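Examination of the molecular architecture
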Amino acid sequence: MKIALVTDTHWGARNDSRAFHDHIKKFYDNVFFPHLEENGIDTVIHLGDVVERRKFINFQIAKHFRVNFVEQLQRIGAKLHVIVGNHDVYFKNTNEVNSMEELLGSSTYDVNIYTEGTEVEFDGTNILLMPWINNQNYKQSMDMLNTTTAQVVMGHFEIAGFEMYKGVPNAHGMDYNSFSRFDSVFSGHFHTRSKRENIQYLGTPYEITWSDYDDPRGFHIFDTDTRELEFIPNPYRLFHKVKYNDLDKSIEQVTDIDYDKYVDTYVKVIIEEKTNPYAFDLMMDKLDKVNPIHVSVVEAHKHMDQLEDSEIMDETEDTLTILHHYVDSLEFGGDNTKLNKLMTDLYNDAVNMEIS
C-alpha cells in the first residue's frame, strides 16, 4: 500500500495572501492530486500544521482549504488522516481545541483527526500517529512511544539537533535517542527536509518564506510493503534571486533572461556590477511587466575580501540567516545557542503575527 505524506501546509500563510494561495494551488492542481490519481493512491496522512494561525482562520482561506484540498480528496476517493500540529491548536498546553476538529470534525468528509497518540493499521502495517506533544498529553504520548508495537512513527515532533530551516539547527526539544527503538520516524514541524539515522523531517511542500529559498520542496509517498519513502518534488518556486552584472556585456546579453518564471513570485535583484544604468533600467522594466509580487534590489558588497567577517551582513540572504550570522559574531563569553533560539522564536512570532 502506498500512502501520500504531506505536512506543514500552513493554509493562510503570508497574511492570507491571494498570491500565495494561487502559488500553492498550482502545486495541488498540477503536482499533488495528479500524482495521487495517476498512481491510485487513496490514503493521505497530514503530519500537522495544516493551517497557519492558531487563533483563527480567514473565511476565504477556510473555503480555499475546503474546495482545493478536502473536496479534491473526496473527488478522487481518498481518505485523509490528520495529525494535529502546534499551529492547529488554540492553546499551547492542550490539543483539546483545534482547527481541524472545528473545520472538519462534524463534516461528511472522510477524515480521521488525531489529537493524541494513536496506533493505526494500514494494510497490515501498524503506524503510530503522534500529534503535537504538550503538557496535557505528555504522559500518554511518552507511554505510547515506549510501549507501542509499531515500528513506524509519524508525528509532529520538536527533536533537538535537526534543522528548523536550511542551515538553522534547533538546539532544544526531544532527544533523538528517544526514537531509537523504531525502524522509521517521519515528522512535520521543521520546514526543511533532513534525515539523521532513522528519523526524517519531511519539510513543507512549497516555499513560504525567504528562509525556504533554494531548498527542495515537495511531498512523499510511503510504501508500507517495502518501507521505502519516495520524494515527489514541487517544481514551482515562490522566491528567486537574479544576479545582475553588465560588465563587458551587451544590453541584449544583460536583458536576455527568462522573465516568465518570475510571474507572481518574490524576486531579489542582486547587483554585482552595474556600469550601464540604461541596461539595468531596461531589465527592471521587463521584470516589472511580468507582474512579480515584489521586487527588491540589493547591492552586493564590494571589496568583501578586505572586510572582517563581523562587518559583513549579506542583504541577499534571508532574515533568519542574517540574524544567526550576527549572533555568531558576538563575543560575550557565553553560549550563543540560547540567544539564537530566542532570535528564531521572535522571528517566527513576527512572521506568524495574528493581526486582528
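So, here is what we can say about the structure in this document. None of these values were measured; they are calculated from a predicted model.

Thresholds applied
The residue numbering used here restarts from 1 in each chain and proceeds along that chain's sequence as written. With the structure being a predicted model, the display of local features is reserved for residues of pLDDT at least 70 and the display and counting of side-chain atom pairs for 80 or more, all residues being used for whole-chain, interface and lining totals. Side-chain metrics rest on all non-hydrogen atoms present in the structure, leaving aside hydrogens and water. Whenever a carboxyl oxygen of Asp or Glu lies within 4 Å of a side-chain nitrogen of Lys or Arg, that contact is scored as a salt bridge. Strands here are runs of E lasting at least two residues and helices are runs of H or I lasting at least four, both read from the DSSP assignment and numbered beginning at the N terminus. Relative accessibility thresholds used throughout: buried, under 20% of the residue-type maximum; exposed, over 50%; partly exposed, between the two (1.4 Å probe, protein chains only). For Phe, Tyr and Trp, rings pair up if their centres lie within 6.5 Å, where Trp contributes its six-membered ring, and each pair is then called stacked (planes under 30 degrees apart), edge-to-face (over 60) or tilted (otherwise). Counting as a charge over the ring demands two things of the Lys NZ or Arg CZ atom: a distance within 6 Å of the ring centre and an angle within 35 degrees of the ring normal. Nonpolar cores were defined as sets of buried Ala, Val, Leu, Ile, Met, Phe, Trp, Tyr and Cys residues, with membership established by side-chain atoms within 4.5 Å. Here a residue-residue contact requires only that any non-hydrogen atoms of the pair lie within 4.5 Å. Here a cavity denotes grid points, spaced 1 Å and computed from the protein atoms alone, that fit a 1.4 Å probe unable to get out, and a pocket denotes an open set having protein on both sides within 12 Å along at least 5 of 7 lines; residues with an atom within 4 Å of a point are the lining. Grid points are joined across faces, edges and corners, and a volume is the space filled by probe spheres set on the points. For this classification, Asp, Glu, Lys and Arg are treated as charged, while Ala, Val, Leu, Ile, Met, Phe, Trp, Tyr, Cys and Pro are nonpolar and the rest, including Gly, are polar. Under the rule applied, a polar contact is a pair of N or O atoms within 3.5 Å (in protein, one hydrogen donor and one hydrogen acceptor; residues adjacent in sequence only if both atoms are side-chain atoms).

1. Some words on the pattern of salt bridges
Inspection of every chain in the model, using the stated rule, returns 12 salt bridges. Among the salt bridges present, the one from Glu-37 reaches Arg-75, with a minimum N-O distance of 3.3 Å. A residue pair is termed long-range when its members are at least 10 positions apart, and Glu-37 in helix 2 (residues 18–38) and Arg-75 in helix 3 (residues 59–75) qualify at 38 residues. Its relative accessible area of 44% is what places Glu-37 among the partly exposed residues. Notably, a salt bridge pairs Lys-139 with Asp-143, separated by 2.9 Å at the nearest N-O pair. Taken together, the positions of Lys-139 and Asp-143, both in helix 5 (residues 138–147) and 4 residues apart, correspond to about one turn of that helix. Ionic contacts of the salt-bridge type, sharing partners, join the residues Asp-212, Asp-215 and Arg-217 into one network.

2. Let's talk about the packing of aromatic side chains
Here a ring pair, both rings aromatic, is described through the centre-centre distance and the interplanar angle of the planes. Per the stated rule, a full pass over the model turns up 26 aromatic pairs. Relative to Phe-219, the ring of Phe-27 lies with its centre 6.0 Å away and its plane at 75°, an arrangement referred to as edge-to-face. Linking Phe-27 in helix 2 with Phe-219 in strand 13 (residues 218–223), this pair joins segments that are 192 residues apart in sequence. Using a relative accessible area of 0% as the deciding quantity, one classes Phe-219 as buried. Centre to centre, the rings of Phe-190 and Tyr-201 are 4.6 Å apart; their planes meet at 25°, and the pair counts as stacked. Here the residue Phe-190 occupies a position in the loop between strand 10 (184–187) and strand 11 (194–196), and Tyr-201 occupies one in strand 12 (residues 199–201), the gap between them amounting to 11 residues. We note that Phe-190, like Tyr-201, is buried. Above the ring of Tyr-266, the side-chain terminus of Arg-14 is found at 4.4 Å from the ring centroid. Looking at Arg-193, its charged tip hangs above the ring of Phe-231, at a distance of 3.7 Å from the centre.

3. Looking at the nonpolar core
Soluble globular proteins: nonpolar side chains tend toward being buried together. Trp-11, Tyr-28, Phe-32, Leu-36, Phe-69 and Phe-219 are the most contacted members of the largest nonpolar core, which totals 38 residues. Secondary structure elements with two or more residues in this core: strand 1 (2–6), helix 2, helix 3, strand 3 (79–83), helix 4 (99–104) and strand 13. With 8 residues, the single largest contributor to this core is helix 2. In this view, Phe-32 contacts Ala-4, Val-6, Phe-27, Val-44, Phe-69 and Phe-219; residues no more than four positions away in its chain are not counted. Counting 22 residues, the second largest nonpolar core, distinct from the first, contains Val-153, Met-164, Met-174 and Val-185.

4. Let's talk about empty space enclosed by the protein
For the structure shown, the criterion picks out 2 cavities of 30 Å³ or more. As a volume, the second largest cavity reaches approximately 30 Å³. Taken together, the residues of the lining of the second largest cavity sort by class into 4 nonpolar, 2 polar and 3 charged.

5. A word on the side chain of Thr-192
Of note, Thr-192 is situated in the loop between strand 10 and strand 11. One polar contact links Thr-192 to Asp-215, side chain to side chain, over a distance of 2.6 Å. Residues contacting Thr-192, with those up to four places away along its chain left out, are Glu-163, Met-164, Tyr-165, Lys-166, Tyr-201, Gly-203, Asp-215 and Arg-217.

None of this, on its own, says anything about what the molecule does.
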